[in-house]
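Structural characterization, general
Residues per chain, in single letters:
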Amino acid sequence: MALALAAVSISTRRKLTSILLSVTIFALLAGLTTLAIGRPVIFGIIHAIFVGTGVGFFEQFYVQSPRGRWLRSMHPVRSIFLYTMVVLTLFVIAVHLSHVVLWRFEDLAIAYRRLPIAIPVVMAFSVIGIMVMRTVHFIGIETLFHLMLGTYHRPVIQRKVLLFLDINNSTDLAERLGAVRTQSLLGKFLFDVSKPITDHGGDIYLYKGDGLIALWVWREAVKGDRILRAIDAIFGAVRDEQVNYQRQFGVFPNFRIGVHGGDVVVSEQGDTKRAIGVYGSTINISARMEEAAKAHGVSCVISGDVAQALSSGNDGLLPIGYERIKGISTEIPIFEYRVEGAAATALSDDALGTKLRRRFQRAAVG
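This one's a predicted model, so the numbers in the text were calculated from it and none came from an experiment.

Turning our attention to the overall build of the protein. From N to C terminus, the protein includes 15 helices and eight strands. Within the protein, the proportion of its 366 residues that are buried is 44%. Across the protein, every contact between residues at least 6 apart in sequence was considered, and the portion connecting residues at least 24 apart equals 71%.

Have a look at this one:
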């Protein structure tokens, strides 16, 4: 059983956990609603199964999918109202389905008479359930789980891959658009880039001004070059929204990414408001990779440590030199990752790239 769970990727486990959470919350609420209006327990069980499963799959395969982008970006009050209508529809279907399953059509008249009572109860319970679900998703299911268990009550050393992402020329954007419109653009941008990260097994560690920090378990990040697929998906998600950016803001946000990995210290932080913090030189080097992307005029820079762990046959990784990091005696080799489907930034001297690659390989062997 342990081997089977280990073989399931983080992103898949996260989706299954999300479905299970939705099913549990709304199965409980549907069951309570049925008992509250005085219907037999067997009806409550069927309603719980149908409504809980329906909401679970609706949440994961519609709300959290690209098709549900409009609902996720909607004002919370409106989205909760629409979500409540979906739950109410599922409950009404469940009322009829339960009578078909039990073959008790003579009780339908009783069910209809109690609908005026059931509908307000369903709506009230739905609002509670949706708010609980949104709160858990806001904190993060895994973060909430670790905080409850005290996993990081004492510092723990883990091997992670960190991704730093920042918008290019954000100051110019602010001057051009103004504070309010710039904040709207940043809100949309961070919304667009977050889902590709979580879909590829990453966690959003921190939103910071005009960018974010994401992290992966090292093993998950390098397995099948997942970190590169995540980067491709991030650029692809923003590229797919280019028309909308131009229509809403008159500009298209360009951004850069820096990636590095290594040992970090993970620990709880805070008191009245608790969170899980990540510490260590790995974070500083990751930030330097993002700065190197800006300095070299490329979309993405990946450190040699991560590049070495990825598949050797990846043509998108090109060496661009060595980076000196404050506090570290040796220079770090850095690679450009030419994002799939995006216009690549060519090296001015291909021969120099080949020479640097060979130099790095010799250094790695030595």
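Turning next to the packing of aromatic side chains. Per the counting criterion, the structure on display carries eight aromatic pairs. Taken together, a centroid distance of 4.3 Å and an interplanar angle of 20° make the contact between phenylalanine 235 and phenylalanine 255 stacked. Taken together, the residues span a long stretch of sequence, with phenylalanine 235 in helix H11 (residues 226–240) and phenylalanine 255 in strand S4 (residues 255–269) at a distance of 20 residues. Phenylalanine 255 matches phenylalanine 235 in its accessibility class, with the two residues each being buried. Following the ring pairs from residue to residue traces out a cluster consisting of Phe58, Tyr62 and Tyr83. Looking at arginine 159, its charged tip hangs above the ring of tryptophan 218, at a distance of 4.0 Å from the centre. The ring of tyrosine 245 has lysine 188 sitting right over it, with the charged end atom 4.9 Å from the ring centre.

How two helices pack is summed up by the angle between their axes together with the distance between the axes. The contact between helix H9 (residues 179–199) and H11 brings their axes to 8 Å, and the two run at 145°. Seen from above, H9 lies across H11 with right-handed handedness. Between H9 and H11, the contacting residues are Phe189, Asp192, Val193, Pro196 and Ile197 on the first element and Ala233, Ile234, Ala237 and Val238 on the second. Classifying every residue of the contact of H9 with H11 by side-chain character gives eight nonpolar, no polar and one charged.

Further remarks concern the pattern of salt bridges. Summed over all chains, the structure comprises 13 salt bridges. One salt bridge in this structure joins glutamate 59 and arginine 134, with 3.3 Å as the shortest N-O distance. A residue pair is termed long-range when its members are at least 10 positions apart, and glutamate 59 in helix H3 (residues 41–63) and arginine 134 in helix H6 (residues 108–139) qualify at 75 residues. Here aspartate 192 makes a salt bridge to lysine 188, at a shortest N to O gap of 3.3 Å. Taken as a pair, aspartate 192 and lysine 188 lie in helix H9 at a separation of four residues, close to a single helical turn.

Let's shift gears to the packing of H9 against helix H12 (residues 242–249). Contact pair H9 / H12: the axes reach a minimum separation of 11 Å and the direction vectors enclose 165°. As judged from the angle between their axes, H9 and H12 are roughly antiparallel. Crossing hand, H9 versus H12: right-handed. Residues Arg181, Ser184, Leu185, Lys188, Phe189 and Asp192 of H9 form the contact with H12, whose own contacting residues are Asn244, Tyr245, Gln248 and Phe249.

End to end, H3 covers 31 Å across 23 residues, agreeing with the expected 33 Å (1.5 Å per residue, within 8%). Along H3, the residues that are buried comprise Phe43, Gly44, Ile46, His47, Ala48, Val51, Gly52, Val55, Gly56, Glu59, Gln60 and Val63.

Let us look at a nonpolar patch on the surface. A contiguous nonpolar surface patch, about 460 Å² in accessible area, is contributed by Leu35, Val41, Ile42, Ile45 and Ile49. Among the elements that make up the nonpolar patch, the one with the highest residue count is H3 (four residues). As for its placement among the helices and strands, valine 41 is situated in helix H3. Judged by its relative accessible area of 54%, valine 41 falls in the exposed class.

Turning next to the environment of isoleucine 276. Following the sequence through the fold, isoleucine 276 ends up in strand S5 (residues 275–279). Separated by 130 residues in sequence, isoleucine 276 and histidine 146 have C-alpha atoms that sit 8.6 Å apart.

This part covers the confidence of the model for the protein. Close inspection of predicted coordinates is inappropriate in any region flagged by low pLDDT. A residue-level look at the protein finds 86% of positions with pLDDT of 70 or above and a mean pLDDT of 81. For the protein, per-element mean pLDDT is lowest for helix H15 (residues 350–365), which scores 42, and highest for strand S6 (residues 300–303), which scores 94. Confidence drops under a pLDDT of 50 for residues 343–366, and excluding neighbours within four residues, the segment shows 26 contacts in the predicted structure.

Okay, the nonpolar core next. Ranked by internal contacts, the top residues of the largest apolar core, which has 40 residues, are Leu163, Ile227, Ile231, Ile257 and Ile302. When residues in this core are grouped by element, the largest group, seven residues, is from H11. Beyond its immediate sequence surroundings of up to four residues, isoleucine 227 is in contact with Val161, Leu163, Trp216, Ala221, Val259 and Leu310. Of all hydrophobic cores here, the second largest spans 25 residues; its members include Val51, Val63, Val87 and Ala118.

This part covers unusual backbone geometry. If a residue is not glycine, its phi is most likely negative; likewise, a peptide bond is most likely trans. At asparagine 169, a residue that is not glycine, the phi angle is positive and equals roughly 55°. Note that asparagine 169 resides in the loop between strand S1 (156–167) and helix H8 (170–177).

About the criteria used
- Residues numbered from 1 in each chain as written.
- Predicted model: local features only at pLDDT ≥ 70, side-chain atom pairs only at ≥ 80, totals over all residues.
- Heavy atoms only, no water.
- Helix = DSSP H or I, 4+ residues; strand = E, 2+ residues; numbered from the N terminus.
- Buried < 20%, exposed > 50% of the residue type's maximum accessible area, 1.4 Å probe, protein only.
- Contact = heavy atoms within 4.5 Å.
- Phe/Tyr/Trp six-rings, centres within 6.5 Å; stacked < 30°, edge-to-face > 60°.
- Lys NZ or Arg CZ within 6 Å of the ring centre and 35° of its normal.
- Axes fitted to C-alpha atoms, helices over the stretch in contact; angles between N-to-C directions.
- Left-handed = near helix turned anticlockwise from the far one by under 90°.
- Nonpolar A, V, L, I, M, F, W, Y, C, P; charged D, E, K, R; others polar.
- Salt bridge = Lys/Arg side-chain N within 4 Å of Asp/Glu carboxyl O.
- Parallel < 35°, antiparallel > 145°, perpendicular 65-115°, else oblique.
- Expected span 1.5 Å × (residues − 1).
- Patch = residues over 30% accessible without salt bridge, like charges linked within 9 Å, V, L, I, M, F, W, Y side chains within 5 Å.
- Areas by Shrake-Rupley, 256 points an atom, 1.4 Å probe, with all protein chains shown as cover.
- pLDDT = per-residue confidence, 0-100.
- Core = buried A, V, L, I, M, F, W, Y, C linked by side-chain atoms within 4.5 Å.

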